[in-house]
Amino acid sequence: MSESVENARRAAAIRALEYLDTARVIGLGTGSTVEVFLKLAYDKLVGKTLVASSIDTAMIAKYIGLTLVDPVVVDRVDLYVDSADEVDPLGRMVKGGGGAMTMEKLLAFAADMRVFIVDELKVVPKVPHKKPVPVEVIPQAISIVKRKLEKAGFECHIRVPQGKRSPVITDLGGAILDVFPPRDWSIENITRFLDSLPGVIEHGIFVGLVDVLIVGKRDGEVEVVTYKGMSEKP
Ligand code: 5RP
């Protein structure tokens, strides 16, 4: 990653710090941007109830001296902070590059306020754009779901780890299909289709799950976009 993109992420993460002051229960996303945020936010996170969306984030938190609670003991979240792989002007996102989208979606869903921090390169005209949509399935469903998706015109790739020949197994015990939907499908149709497949645990299309998007620019500026009111929370 170039230094200017790193600066962009850092600028966005710094702006996100101001949302921490009044939050007591804080959900933490996953990925390199969240790692930057966590390191900057340490002082404001100490002593709060923190819940991580992945083992990766939990380990980073532990390493820098933060204490976490298990998601099982949390039934609501004041603030959720995360990043995304792609986000469009309507705040629709593709997530799951780190394979944690199921817990990420759950914590975003549980949160009163959702703040996403991205560098400007992640802003695209319309999602899904270039990144695949990760689809987490129970391992037993991988072949059936893959065939169903391919028959519907999706390009599918089983996510495989380095140094192992079988599929990636997620923190939740799932496997991941990285899929490219047919270009002419709307996001509503993609979402409806993925949601309808037995064996699918969750997928990486996030709609109506952001309240504030902080876009860090390579020149160090930030743009803050507010989506309050567009939330689809019940
Ligand atoms: C992990 C995610 C991440 O938010 C997404 O992949 C962005 O990661 P990074 O900050 O490393 O670019 O959805 O499941």
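Residues numbered from 1 in each chain as written. Predicted model: local features only at pLDDT ≥ 70, side-chain atom pairs only at ≥ 80, totals over all residues. Heavy atoms only, no water.

Sorry, what's going on with the sheet that holds strand β7 (residues 133-137) here?
Sheets are built from strands paired through backbone hydrogen bonds, the pairs being either parallel or antiparallel. As summarised here, the arrangement of the four strands in space is β8-β9-β7-β10, forming an open sheet in which the pairing is antiparallel. If you trace the sheet from one side to the other, it starts and ends with β8 (155-158) and β10 (200-203), each paired once. The sheet shows a mean angle of 30 degrees between the axes of neighbouring strands, taken without regard to direction. Sheet topology places β8 next to strand β9 (residues 175-180); four bridges connect them, and they run antiparallel. The residue bridging H157 from the neighbouring strand is D178, located in β9. Contacting β7, β8, β9 and β10, helix α5 (residues 142-151) crosses the sheet at an angle of about 5 degrees to β9. Strands β7 and β10 of the sheet are contacted by helix α6 (residues 187-195), whose axis makes an angle of about 155 degrees with β10. (Pairing = 2+ DSSP bridges. Helix = DSSP H or I, 4+ residues; strand = E, 2+ residues; numbered from the N terminus. Axes fitted to C-alpha atoms, helices over the stretch in contact; angles between N-to-C directions. Contact = heavy atoms within 4.5 Å.)

Can you walk me through the packing of helix α1 (residues 3-16) against helix α2 (residues 32-45) in this structure?
When two helices pack together, their arrangement is captured by the angle between the axes and the distance separating the axes. The N-to-C vectors of α1 and α2 enclose an angle of 50 degrees; their axes lie 9 Å apart at closest approach. With respect to their mutual orientation, α1 and α2 come out oblique. In this structure, the crossing between α1 and α2 has a hand that is right-handed. Within the contact between the two elements, α1 uses R9, R10, A13, I14 and A16 and α2 uses S32, T33, V36, F37 and L40. The residue makeup of the contact of α1 with α2, split by class, is six nonpolar, two polar and two charged. (Parallel < 35°, antiparallel > 145°, perpendicular 65-115°, else oblique. Left-handed = near helix turned anticlockwise from the far one by under 90°. Nonpolar A, V, L, I, M, F, W, Y, C, P; charged D, E, K, R; others polar.)

What is the right way to read the site of the ligand from this model?
Around the ligand there are 17 residues in total, and S32, T33, D85, G96 and K122 lie nearest to it. Separating an oxygen atom of the ligand from a side-chain N or O atom of T33 is a distance of 2.5 Å. A distance of 3.2 Å separates an oxygen atom of the ligand from a polar backbone atom of S83. In the shell around the ligand, the residues fall into two nonpolar, nine polar and six charged. (Near = heavy atom within 4 Å. Polar contact = N/O pair within 3.5 Å; in protein donor to acceptor, adjacent residues only side chain to side chain.)

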